[in-house]
Amino acid sequence: MKVNWKPGTMIYPLPAVMVTCGSCEEEYNIITIAWTGTICTNPPMCYISVRPERYSADIIKKNMEFVINLTDSSTAHATDWCGVRSGRNYDKFKEMHLTPGKASVVAAPIIEESPLSIECRVKEIISLGSHEMYIADVVNVIADDRYINKETGKFELSESDPLIYLHGGYYHLGDKIGKFGWSVEKKKKG
C-alpha cells in the first residue's frame with residue numbers, strides 16, 4: 001500500500017561534499033553541502049544550494065567562485081564537523097587538520113585530502129526560499145591520481161570509497177549491480 005507523504009526533499013542518496021571558498025588564506029572556509037549536483041554536461045555546469053545566513057554565502061557571493069571537494073570515509077568526521085560548525089567561530093582547515101591546496105583556475109582553495117576537487121565559477125544565483133542556488137560553470141577538475149585507472153585513463157571514483165548522505169546519515173556505496181547501458185547491451189555471440 002502507498003500513502004501520501006508531506007512534500008519534502010526526499011531525493012536521496014546525495015554526495016556529501018565539502019565546498020571551499022575564499023580568495024585568501026584569512027578568508028578560506030569550508031561548508032558541508034548535500035544539495036549539489038550536475039545540471040549540464042556541455043558546457044559542464046553544476047550547482048550548490050546554500051542558506052543565505054550561512055557564513056560561506058557572503059564569501060561565495062563576494063568572490064563568485066568555489067570548489068566542490070568530494071569526500072570519502074577518511075574525511076567523514078571532518079565532513080560532518082564542517083557542516084555543524086560555523087566559519088565565523090572556527091578555522092575549519094586548522095581544526096580538522098585539512099590541507100588547503102592551490103586550485104589551478106579559481107582563487108578558492110582545494111582540500112588536498114579530497115579524492116576530487118571541482119573548481120567552479122558562479123554564473124547565476126537564484127533565491128529559492130530557504131536556500132539560494134549557485135549555478136556555476138566547472139572551470140577545472142583536480143583528481144587524486146591514486147584513483148586514475150592506469151589502463152583506461154578514467155577516474156575511478158568508486159575506488160575512493162565516496163561518502164554519501166541519505167536522509168540524515170552518512171553511508172558508503174553498496175555493491176555495483178550494473179553499468180550505464182547494460183540493460184540494452186547486446187549479448188556477444190560465443
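Here, every reference points to the structure presented above.
As a starting point, this report considers the structure included with it. Because the structure is predicted, anything quoted here is derived from the model rather than measured. (Residues numbered from 1 in each chain as written. Predicted model: local features only at pLDDT ≥ 70, side-chain atom pairs only at ≥ 80, totals over all residues. Heavy atoms only, no water.)

Next up on the list: the overall build of the protein. In terms of helices and strands, the protein carries three helices and twelve strands. Relative to the globule expectation of 16 Å for 190 residues, the C-alpha radius of gyration of the protein, 18 Å, shows essentially globular dimensions. In terms of its C-alpha atoms, the protein occupies a principal-axis envelope of roughly 65 × 50 × 30 Å. Out of the 190 residues belonging to the protein, those deemed buried represent 38%. Partitioning the contacts of the protein with sequence separation of at least 6, the portion at a separation of at least 24 is 59%. Accessible area for the protein stands at about 12,100 Å²; split by element, carbon and sulfur atoms hold 53% of it. (Helix = DSSP H or I, 4+ residues; strand = E, 2+ residues; numbered from the N terminus. Rg over C-alpha atoms; globule rule 2.2 N^0.38 Å. Buried < 20%, exposed > 50% of the residue type's maximum accessible area, 1.4 Å probe, protein only. Contact = heavy atoms within 4.5 Å. Areas by Shrake-Rupley, 256 points an atom, 1.4 Å probe, with all protein chains shown as cover.)

So, on to the pairing of strand β4 (residues 36–40). Along any regular strand, the residues point their side chains to alternate faces of the sheet. Bridge count for β4 against strand β5 (residues 45–50) is four bridges, and the pairing is antiparallel. The partner of Cys40 across the bridge, within β5, is Met45. Where β4 hands over to β5, the hairpin turn is made up of four residues, counted between the paired strands. (Pairing = 2+ DSSP bridges.)

Once that is clear, we can look at unusual backbone geometry. The step from Tyr12 to Pro13 runs through a cis peptide bond, and the omega angle for that step is -5 degrees. Inspection of the secondary structure puts Pro13 in the segment before β1 (14–15). In this model, Met64 sits at a positive phi of 55 degrees, which is unusual for a non-glycine residue. Structurally, the position occupied by Met64 is in the loop between α1 (55–63) and β6 (65–70). By relative accessible area, Met64 is classed as partly exposed at 30%. Positive phi, normally seen in glycine, also occurs at Asp161, with a value near 60 degrees.

Glancing now at α1. Among the residues of α1, those classed as buried are Ser56, Ala57, Ile59, Ile60 and Asn63. Along the long axis of α1, the arc covered by the buried residues comes to 170 degrees, so they all point the same way. Exposed and oriented more than 90 degrees from the buried face of α1 are Asp58 and Lys62. Among the structural elements, β2 (17–21), β3 (29–33), β5, β6, β9 (116–127) and β10 (132–143) are those in contact with the buried residues of α1. Just downstream of α1 lies Met64, where phi reads positive at about 55 degrees. (Arc of directions from axis to C-beta.)

Right, let's get into the sheet that holds strand β12 (residues 169–171). Read across the sheet, three strands follow the order β1-β11-β12 without closing on themselves; strand pairing throughout is antiparallel. In the strand order of this sheet, the two ends are held by β1 and β12, each with one partner. Alignment of β1 against strand β11 (residues 164–166), held across two bridges, turns out to be antiparallel. Paired with Pro15 across the two strands is Ile164, which belongs to β11.

A few words now on the side chain of Asn63. Within the secondary structure layout, Asn63 lies in helix α1. Side chain to side chain, Asn63 and Glu27 meet in a polar contact 3.0 Å long. Not counting the four nearest positions on each side in its chain, Asn63 is found in contact with Gly22, Ser23 and Glu27. (Polar contact = N/O pair within 3.5 Å; in protein donor to acceptor, adjacent residues only side chain to side chain.)

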